[in-house]
Amino acid sequence: DQQVKQNSPSLSVQEGRISILNCDYTNSMFDYFLWYKKYPAEGPTFLISISSIKDKNEDGRFTVFLNKSAKHLSLHIVPSQPGDSAVYFCAAKSTGGFKTIFGAGTRLFVKA
Amino acid sequence: SQTIHQWPATLVQPVGSPLSLECTVEGTSNPNLYWYRQAAGRGLQLLFYSVGIGQISSEVPQNLSASRPQDRQFILSSKKLLLSDSGFYLCAWSKQDNEKLFFGSGTQLSVL
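Just so it is clear, the structure is predicted and the values come from calculations on it, not from any experiment.

Looking now at the pattern of salt bridges. For the structure on display, the rule yields five salt bridges over all chains. Two residues, A:Asp84 and A:Lys37, come together in a salt bridge whose shortest N-O distance is 4.0 Å. Residue A:Asp84 is located in the loop between β8 (72-77) and β9 (86-93), and its partner A:Lys37 is located in strand β4 (residues 32-38); the two are separated by 47 residues in the primary sequence. The burial state of A:Asp84 is the same as that of A:Lys37; both residues are buried. Note that A:Lys99 and B:Glu59 form a salt bridge whose closest N and O atoms lie 3.2 Å from each other. In this pair, A:Lys99 sits in the loop between β9 and β10 (101-102) while B:Glu59 sits in the loop between β6 (55-58) and β7 (65-70), so the two residues belong to two different chains. Its relative accessible area of 38% is what places A:Lys99 among the partly exposed residues. Accessibility expressed as a relative area gives 27% for B:Glu59, which makes it partly exposed. Members of the salt-bridge network, linked through shared partners, are A:Lys37, A:Arg61 and A:Asp84.

What follows concerns the environment of B:Thr107. Residues and elements named next belong to chain B. With respect to the secondary-structure elements, threonine 107 resides in strand β11 (residues 107-111). A residue is classified by how much of its surface remains accessible, and threonine 107, at 0% relative accessible area, is buried. The spatial distance from the C-alpha of threonine 107 to the C-alpha of valine 60 is 19 Å, given a sequence separation of 47 residues. Ignoring any residue separated from it by four or fewer positions in sequence, one finds threonine 107 in contact with Gln6, Trp7, Pro8, Ala9, Leu11, Leu21, Gly87, Phe88 and Tyr89. A distance of 2.4 Å separates a polar atom in the side chain of threonine 107 from the backbone oxygen of proline 8.

Moving on to the nonpolar core. In terms of nonpolar packing, the biggest core is built from 23 residues, with A:Phe33, A:Trp35, A:Leu73, A:Leu75 and A:Tyr88 touching the most fellow members. The set of elements that each furnish at least two residues to this core consists of β3 (19-25), β4, β5 (45-51), β7 (62-67), β8, β9 and β11 (106-111) of chain A. It is β9(A) that provides the largest number of residues to this core, a total of four residues. Ranked by size, the runner-up nonpolar core spans 20 residues in total, among them B:Leu33, B:Leu64, B:Phe74 and B:Leu81.

Scoring rules and cut-offs
Throughout this description, residue numbers start from 1 for each chain and increase along the sequence as written. A letter from A marks each chain and a number from 1 marks each ligand, given out in the order of writing. Totals for whole chains, interfaces and linings use every residue, but because this is a predicted model, local features are given only for residues with pLDDT of at least 70 and side-chain atom pairs only at 80 or more, for both listing and counting. Each side-chain value is derived from all of the structure's non-hydrogen atoms; neither hydrogens nor water enter the calculation. A pairing counts as a salt bridge when a side-chain nitrogen of Lys or Arg comes within 4 Å of a carboxyl oxygen of Asp or Glu. Only DSSP runs of H or I reaching four residues or more are called helices, and only runs of E reaching two or more are called strands; each is numbered from the N terminus. Only protein chains enter the calculation, and the probe is 1.4 Å; a residue is then buried if its accessible area is under 20% of its type maximum, exposed if over 50%, and partly exposed in between. Contact definition: two residues touch when any of their heavy atoms are within 4.5 Å. Under the rule applied, a polar contact is a pair of N or O atoms within 3.5 Å (in protein, one hydrogen donor and one hydrogen acceptor; residues adjacent in sequence only if both atoms are side-chain atoms). Residues belong to one nonpolar core when they are buried, are Ala, Val, Leu, Ile, Met, Phe, Trp, Tyr or Cys, and are joined through side-chain atoms within 4.5 Å.

So this is what it looks like as structure tokens:
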């Protein structure tokens, strides 16, 4: 049972344009959401997070949007750069809980 | 600053052989520690987590075990490897607030 779903295995975007990565979750107990970025043969690194009390969080070129009623979140990268090419994992957890549940990841290709 | 060390980076083992992967964290005390696995084409699956020395929680019934002999040391073991144990193994730590995970560089395990 996949509690966190990233339905797009890959996404290709032109440099300078917007990248939008989507994520859906099923567990209503999740109240904290994170995005991680992973390069090949490396561990994931934290990118940005959002609490369920907010619907938007912005950090430089990265913005995460949360739609609690739809159990949907998205990561926007503007403008996209070739160095953004990586696998992006959506993750969710309950505040105070120990388990962070990850989606399957979306591979982003940013073309120069 | 905190760092996490995980070794080896790659490992090729025959079916039926034992396994020991080690992970250590520096620069923090009493971290929460985690073992994740990424199978080919799949997301990150939580295998074990530990909130203290000797305290191990298992998430998935499997051929693997974990131990935490010291505060900042986490070991993943198997007595007899199976082909299905192949994958990319990641150690991670978090602060007690459990907000975000910090991952090691991972071990690519191939069981042949």
